[in-house]
Amino acid sequence: MSRTPQIVWFKRDLRVTDHRPLAEAAARGPVLPLYVVEPTLWRQPDRDRRHWDLLAACLRDLDRSLRALGGALVVLEGVMPAVLAGLRERHGAFELWAHEETGTRWTFERDIAVRRWCRHEGIRCRELPQMGVVRGLRDRSGWARRWHGFMRQPAVPAPAAAEWLRDKTGLPLERLDPPAVAGDAIDGPPAGREAALDTLRGFLRRRGEAYRRQISRPGPSWDSCSRLSTHLAMGSLSLREVVHATRTRRDALRGQPPHARGDWAGSLAAFEERLHWHCHFIQKLESEPGLEFDNLSPATTGLRPTEPNREWLDAWREGRTGYPLVDACMRSLAATGWLNFRIREMLVSFAAYDLWLHWREPGLHLAPLFADYEPGINYSQLQIQTVTTGIN
């Protein structure tokens, strides 16, 4: 094992299981697990206090998992290259490990700045895929085959033995103060690894049988949907772990008599298809990062005015359009951070067609409200529902 420090930069992958950068780093040298609070990120219009509260809970949970392995999470605050420069001063030259992230233009440019700093300083920086999204993909032919190949690989176990580094400059996790971030605290979903595993087990054993029939129904979907999206967005559970658990459950059901299988087979098949869609839509943003700002199809430019009717937009945002279902769903989202997929489609469709609003402003309202905000899914779906992709 090398004596070179190995820094593992956690982003939206807050777990120790199925975390290949952590496992690879632990096999090479003493590990410093790092999370960086970036104030500028929290001033972006797609961020909200509800995201911060979920993050803080996940960071505390991740620290407990690392301590069980003998390590501890170091949380620092600042601009990434400056934070890395400080770590180099305190610990000497190191290697940097992270998962690839498909995020917004801000996170993309941040990652470029980190790689540029590493090259300039002679620091080796390695980013590894976290899910079935392929960086640098030029042709979607064969993408589904590659997705299934990635999902068939075994989950990477947490490192059984590792040497750990400490850094005394870290922020205290037990009283991690939020940066200047908009929004108010809400009674959001439970966060962290154990909450994620409990949610997964509850869906696969009890709640999921009616998934196929109730996925689109506003009331029943609260229980029959998986409710895993927040855990996947935070990375307290990997997509591959969910795929493996779903396939294991399907295999177990095949050996049971028909009366015991109920509607599980169809529901679990439908669920796995949507896990595939999860990466499918994130891949769209990975391959077309302009989706965050511009219509994918240039032919739809100017279809709707870029400057919205503020009176209509405000009525839609505040749940006072006069359409009971629209208003109830918007108010529910503001209070809870979650709606099922069909209701999200309905809200965007109402804004796009009934109010003839460009997708950008409604999207910037919805992103901070979604506790499970995933940029790739958010921007891909905004454009699909408003028919600015030219396809689908």
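Residues numbered from 1 in each chain as written. Predicted model: local features only at pLDDT ≥ 70, side-chain atom pairs only at ≥ 80, totals over all residues. Heavy atoms only, no water.

1. Considering the side chain of histidine 231
Here is step 1: Along the chain, the position of histidine 231 falls in helix H10 (residues 229-234).
Here is step 2: Overall, histidine 231 belongs to the buried group, its relative accessible area being 3%.
Here is step 3: Once residues within four sequence positions are removed from consideration, histidine 231 is found in contact with Pro190, Ala191, Gly192, Ala195, Ala196, Thr199, Ser236 and Leu237. (Helix = DSSP H or I, 4+ residues; strand = E, 2+ residues; numbered from the N terminus. Buried < 20%, exposed > 50% of the residue type's maximum accessible area, 1.4 Å probe, protein only. Contact = heavy atoms within 4.5 Å.)

2. Here's the deal with the sheet that holds strand S2 (residues 31-37)
Consider a sheet: its strands pair through backbone hydrogen bonds, and that pairing is either parallel or antiparallel.
Here is step 1: Taken in spatial order, the 5 strands of this open sheet run S3-S2-S1-S4-S5, and their pairing is parallel. What marks the edges here is a single partner per strand, and that holds for strand S3 (74-77) and strand S5 (124-128). Averaged over neighbouring strand pairs, the angle between their axes works out to 30° when direction is ignored.
Here is step 2: Against the sheet, helix H5 (residues 105-121) touches strand S1 (6-10), strand S4 (95-99) and S5, its axis set at about 145° to S5. (Pairing = 2+ DSSP bridges. Axes fitted to C-alpha atoms, helices over the stretch in contact; angles between N-to-C directions.)

3. Looking at the pattern of salt bridges
Here is step 1: Counted under the stated rule, the structure contains 34 salt bridges.
Here is step 2: The salt bridge partner of arginine 90 is aspartate 167, with a shortest N-O separation of 2.9 Å. Residue arginine 90 is found in helix H4 (residues 80-91), and its partner aspartate 167 is found in the loop between helix H6 (143-152) and helix H7 (193-205); the two are separated by 77 residues along the sequence.
Here is step 3: Judged by its relative accessible area of 41%, arginine 90 is partly exposed. (Salt bridge = Lys/Arg side-chain N within 4 Å of Asp/Glu carboxyl O.)

4. Focus: the nonpolar core
Here is step 1: Among the nonpolar cores identified, the biggest contains 31 residues, and Trp147, Met151, Leu237, Leu239, Val242, Phe271 and Cys279 are the most heavily contacted of them.
Here is step 2: Looking at this core, the elements that each hand over two or more residues are H6, H7, helix H11 (239-254) and helix H13 (264-287).
Here is step 3: A total of 7 residues in this core trace back to one element, the largest contributor, which is H13.
Here is step 4: Ranked by size, the runner-up nonpolar core spans 30 residues in total, among them Leu55, Ala56, Leu62 and Leu128. (Core = buried A, V, L, I, M, F, W, Y, C linked by side-chain atoms within 4.5 Å.)

5. What to know about unusual backbone geometry
Here is step 1: Notably, aspartate 18 is not glycine yet its phi reads approximately 55°, a positive angle.
Here is step 2: Along the polypeptide, aspartate 18 turns up in the loop between S1 and helix H1 (20-26).
Here is step 3: For aspartate 18, a relative accessible area of 3% translates into the label buried.

6. Thoughts on the pairing of S2
Here is step 1: Taking burial as the measure, the 7 residues of S2 include 7 buried ones, the bulk of the element.
Here is step 2: Every second residue of S2 is oriented toward a common face, with Val31, Pro33, Tyr35 and Val37 on one face and Leu32, Leu34 and Val36 on the other, all of them buried.
Here is step 3: In this structure, S1 lies alongside S2, joined through 5 bridges in parallel fashion. For isoleucine 7, the partnering residue across the bridge sits in S2 and is leucine 32.
Here is step 4: In this view, the connection linking S1 to its parallel neighbour S2 by way of H1 has right-handed handedness. (Right-handed = clockwise from strand over helix to strand, strands pointing away.)

7. A closer look at the packing of helix H17 (residues 360-369) against helix H18 (residues 375-385)
Here is step 1: The interhelical angle for the contact between H17 and H18, taken along N-to-C directions, is 145°, at an axis separation of 11 Å. Seen along the crossing, H17 lies across H18 with a hand that is right-handed. Of H18, the residues touching H17 (which contributes Arg360, Gly363, Leu364 and Ala367) are Asn378, Tyr379 and Leu382.
Here is step 2: Residues of the contact of H17 with H18, tallied by class, amount to 4 nonpolar, 2 polar and 1 charged. (Left-handed = near helix turned anticlockwise from the far one by under 90°. Nonpolar A, V, L, I, M, F, W, Y, C, P; charged D, E, K, R; others polar.)

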